[in-house]
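If you want the building blocks of each chain, they are given just below.
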Amino acid sequence: MPQALMPPALPSESDAHLAKETSRLLASRSRSTIPLNLRVVGSRNEDTLRIPASAVKMLVRILEEMALGNAVTLIPVHAELTTQEAADMLNVSRPSLIQLLDEGKMEYRKVGTHRRVRFESLMSYKRHTDAERRAALAELAAYDQEIGI
């Protein structure tokens, strides 16, 4: 994992249930552009937390994934990944990823003899290839309709 990130862990059944309830409560607030004030009940001071509106949207999305039983990992946009981490995210082998890097399909930098792939570059490549796949699939579907399959 990129430095200082927690490894993903599947939520327990009780965590998934709690995440579902909490995401429902916060969902209506996720459309707001003003910070959310949350009072911490049960603490000595009952502090009020101010959560930025953008963080509320992210929190709702995290909770929705947890409610589905999915593990969630946050990766900063400017994070750098090892070649193995990048390969895992693309669901390809490490040698295949290195070939993509050598072909200039994604930006990377070298740290000594090791390559580091910027998360931003990886996701840009993924969006591009996903769009190409969707276009090819649409073309095949149109061809199938044309010939009556």
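Keep in mind that what you see is a predicted model, and the values were worked out from it rather than measured.

(A) Focus on the overall build of the protein chain. Counting its regular elements, the protein chain contains five helices and five strands. In the protein chain, the order of α-helices and β-strands from amino to carboxyl end is α-β-β-α-β-α-α-β-β-α. Its C-alpha radius of gyration of 21 Å places the protein chain more than 25% over the 15 Å reference for a compact globule of 149 residues. The C-alpha extent of the protein chain, read off along each of the three principal axes, is 65 × 55 × 30 Å. The burial tally for the protein chain puts 24% of its 149 residues in the buried class. Looking at the protein chain alone, contacts between residues at least 24 apart form 51% of all its contacts between residues at least 6 apart.

(B) Seen up close, the pairing of strand β4 (residues 108–111). Two elements, β4 and strand β5 (residues 114–118), share four bridges in a ladder whose sense is antiparallel. When the sheet's bridge partners are listed, Y108 is paired in β5 with V117. Two successive antiparallel strands, β4 and β5, enclose a turn made up of two residues, where G112 displays a positive phi of approximately 70°.

(C) Inspection of the sheet that holds β5 at higher detail. If you trace the three strands from one edge of the open sheet to the other, you get β3-β5-β4, paired in antiparallel fashion. Since the sheet does not close on itself, it has two edges, and those belong to β3 (80–82) and β4, each with one partner. Strand-to-strand, the axes of this sheet are offset by a mean angle of 40°, without reference to chain direction. Where helix α3 (residues 83–90) meets the sheet, its contacts fall on β3 and β5, and the angle it forms with β3 comes to roughly 90°.

(D) Region of interest: the pattern of salt bridges. One pass over the full model with this rule turns up seven salt bridges. One salt bridge in this structure joins R118 and E120, with 3.0 Å as the shortest N-O distance. By relative accessible area, which is 36% here, E120 ends up partly exposed. Its salt-bridge partner being D130, residue R133 comes within 3.0 Å of it at the nearest N-O pair. Of the two residues, R133 and D130 both sit in helix α5 (residues 119–147), three residues apart, roughly one turn of that helix. Overall, D130 belongs to the partly exposed group, its relative accessible area being 23%. Via salt bridges that share partners, R61, E64 and E65 belong to a single interconnected network.

(E) Focus on the environment of K126. Checked against the element boundaries, K126 lands in helix α5. Overall, the relative accessible area of 27% leaves K126 in the partly exposed class. If we skip the residues at most four places from it in the chain, K126 touches M89 and L90.

Conventions we followed
- Residues numbered from 1 in each chain as written.
- Predicted model: local features only at pLDDT ≥ 70, side-chain atom pairs only at ≥ 80, totals over all residues.
- Heavy atoms only, no water.
- Helix = DSSP H or I, 4+ residues; strand = E, 2+ residues; numbered from the N terminus.
- Rg over C-alpha atoms; globule rule 2.2 N^0.38 Å.
- Buried < 20%, exposed > 50% of the residue type's maximum accessible area, 1.4 Å probe, protein only.
- Contact = heavy atoms within 4.5 Å.
- Pairing = 2+ DSSP bridges.
- Axes fitted to C-alpha atoms, helices over the stretch in contact; angles between N-to-C directions.
- Salt bridge = Lys/Arg side-chain N within 4 Å of Asp/Glu carboxyl O.

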